[in-house]
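Fold and geometry: a report
Below, each chain spelled out in residue letters.
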Amino acid sequence: MRVQDDFANCENNVRMDGQVAIVTGATAGIGFEVAKNFAKRGARVIIGSRNPAKMDKAKNAIIQSSGNTNISTRKLDFASLKSIRRFASAIYMSEPKLNILINNIGALGLPDRLTKDKLNLMMQVNYFGAFLLTFLLLPLLRTSAPSRIVNVSSITLLLGHIELDHMNDVGRFSSFGMYCNSKLADILFTVEMNKRLRGSGVNVYSMDPGLSKSEFFRDFNDTTLRNVFNAGMLLLGRDLDRVATMPVFLATDPRVQNSSGKHFRDCAEFYSSWFAEDADLTRKLWEESKRLVNITTQEDWELK
């Protein structure tokens, strides 16, 4: 098991006063710790989650811990494209700027079915939702530049495979296989978005958090398996507040200013996948993702 010194390079004292940050999946786990860290640095933090009660609990805990009362919550359900569009619209109505977007959603063990949007539930929650949200918020991120986007992926991306004609198939992949595919898609999305945003002042990064002391398997229907796996995470995983320094590092540190589009682990550049080197694949995934989430506009920055 790796030691906590892995995070020594992550430390910085960068303040975020006056900055606005959105953190998805921030009611627990890594996302909660990231939001708390941002709040302690003086940022305005917006928590997006589908559970109002959990959001209120997280908000109160962050305020109590940081002393920063500039914390907001907005309902956001990645299993619904309508919910994502409503969230983005609300952000434009309430926020004159947006400096940081942390796409922290990751779910394993979801039912193998299609959503109302005709997308595979696992792929929609773990990938398509973040793609749509980021695309919708990019105009605000660009006018707020310099700004940063951090996509939380997983080492399991190395086991993933992208078949553009079968990303939403039901019954084709195991739950774990679909999870791996979704985390690989996050990487390819990061690489392609970076190509299209060069010179815009918006930096984008992906990262692997490694094992952490979280209830990552909370969506498993099998109670026994869920309890066993979660116990393993608590035993072998790294402390959440330390793991959270990785996305905070990518969102704030000047040392990665020239590393946009790169993949990180323990706050150092890390190999992702040979799929990420396939420019034709990343481009086709971008276009297919737009089609599947029903984005019909062509923005000027996309033409690069």
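Above this text you will find the structure in question.
So, a few notes on the structure that sits alongside this text. Small disclaimer: the values here were computed from a predicted structure and weren't measured. (Residues numbered from 1 in each chain as written. Predicted model: local features only at pLDDT ≥ 70, side-chain atom pairs only at ≥ 80, totals over all residues. Heavy atoms only, no water.)

**Brief notes about a positive patch on the surface**
Together, Lys 75, Lys 82, Arg 86 and Lys 116 give the surface a local cluster of positive charge. Residue position: Lys 75 is located in strand 3 (residues 71–75). (Patch = residues over 30% accessible without salt bridge, like charges linked within 9 Å, V, L, I, M, F, W, Y side chains within 5 Å. Areas by Shrake-Rupley, 256 points an atom, 1.4 Å probe, with all protein chains shown as cover. Salt bridge = Lys/Arg side-chain N within 4 Å of Asp/Glu carboxyl O. Lys, Arg positive; Asp, Glu negative; His and termini not counted. Charge placed at Lys NZ, Arg CZ, Asp CG, Glu CD. Helix = DSSP H or I, 4+ residues; strand = E, 2+ residues; numbered from the N terminus.)

**Structural notes on the state of the cysteines**
Two cysteines joined by a covalent bond between their sulfur atoms form a disulfide. On inspection of all chains with the given rule, the structure shows one disulfide. Each sulfur in the disulfide pair Cys 10 and Cys 267 lies 2.0 Å from the other. One quick way to see it: the torsion about the S-S bond of Cys 10 and Cys 267 is about 110°, and its sign makes the bridge right-handed. Of this pair, Cys 10 sits in the segment before strand 1 (20–24) while Cys 267 is found in the loop between strand 7 (263–265) and strand 8 (268–269), placing the two residues 257 residues apart along the sequence. There is no split in this pair, since Cys 10 and Cys 267 are both buried. (Disulfide = S-S within 2.5 Å. Buried < 20%, exposed > 50% of the residue type's maximum accessible area, 1.4 Å probe, protein only.)

**A short note on the sheet that holds strand 3**
Each strand in a sheet pairs with its neighbour through backbone hydrogen bonds, running either in the same direction (parallel) or in the opposite one (antiparallel). Taken together, the eight strands give an open sheet; going across it, the order is 3-2-1-4-5-6-7-8, and neighbouring strands pair in mixed fashion. Because the sheet does not close on itself, it has two edges, and the strands there are strand 3 and strand 8. Along the sheet, helix 4 (residues 121–143) contacts strand 1, strand 4 (100–103), strand 5 (147–152) and strand 6 (202–208); its crossing angle with strand 4, the most-contacted strand, is approximately 175°. Here helix 8 (residues 245–252) sits on the sheet and contacts strand 4, strand 5, strand 6 and strand 7; the angle it forms with strand 5, its principal contact strand, is near 155°. (Pairing = 2+ DSSP bridges. Contact = heavy atoms within 4.5 Å. Axes fitted to C-alpha atoms, helices over the stretch in contact; angles between N-to-C directions.)

**Section: the pattern of salt bridges**
This model, assessed by the stated rule, comprises 14 salt bridges. The residue Arg 172 makes a salt bridge to Glu 163 at a minimum N-O spacing of 2.8 Å. Here Asp 169 makes a salt bridge to Arg 172, at a shortest N to O gap of 3.9 Å. Residue classification places Arg 172 among the partly exposed positions, given a relative accessible area of 41%. Through salt bridges with shared partners, a single network forms among Glu 192, Lys 195, Arg 196 and Glu 287.

**Section: the packing of aromatic side chains**
Taken as a whole and judged by the stated rule, the model has nine aromatic pairs. By way of ring pairs, the aromatic residues Tyr 127, Phe 128, Phe 131, Phe 135, Phe 189 and Trp 286 are connected into one cluster. (Phe/Tyr/Trp six-rings, centres within 6.5 Å; stacked < 30°, edge-to-face > 60°.)

**Some points on the side chain of Glu 33**
Within the secondary structure, Glu 33 sits in helix 1 (residues 29–40). Its relative accessible area of 15% is what places Glu 33 among the buried residues. Residues contacting Glu 33, with those up to four places away along its chain left out, are Leu 240, Asp 241 and Ala 244.

**Some remarks on the packing of helix 4 against helix 9 (residues 279–292)**
Running from N to C, helix 4 and helix 9 cross one another at 90°; their axes reach a closest spacing of 10 Å. Judged by the inter-axis angle, helix 4 sits roughly perpendicular to helix 9. Only Leu 285, Trp 286, Ser 289, Lys 290 and Leu 292 of helix 9 make contact with helix 4, whose side of the interface consists of Tyr 127, Phe 128, Phe 131 and Phe 135. The class makeup of the residues in the contact of helix 4 with helix 9 is seven nonpolar, one polar and one charged. (Parallel < 35°, antiparallel > 145°, perpendicular 65-115°, else oblique. Nonpolar A, V, L, I, M, F, W, Y, C, P; charged D, E, K, R; others polar.)

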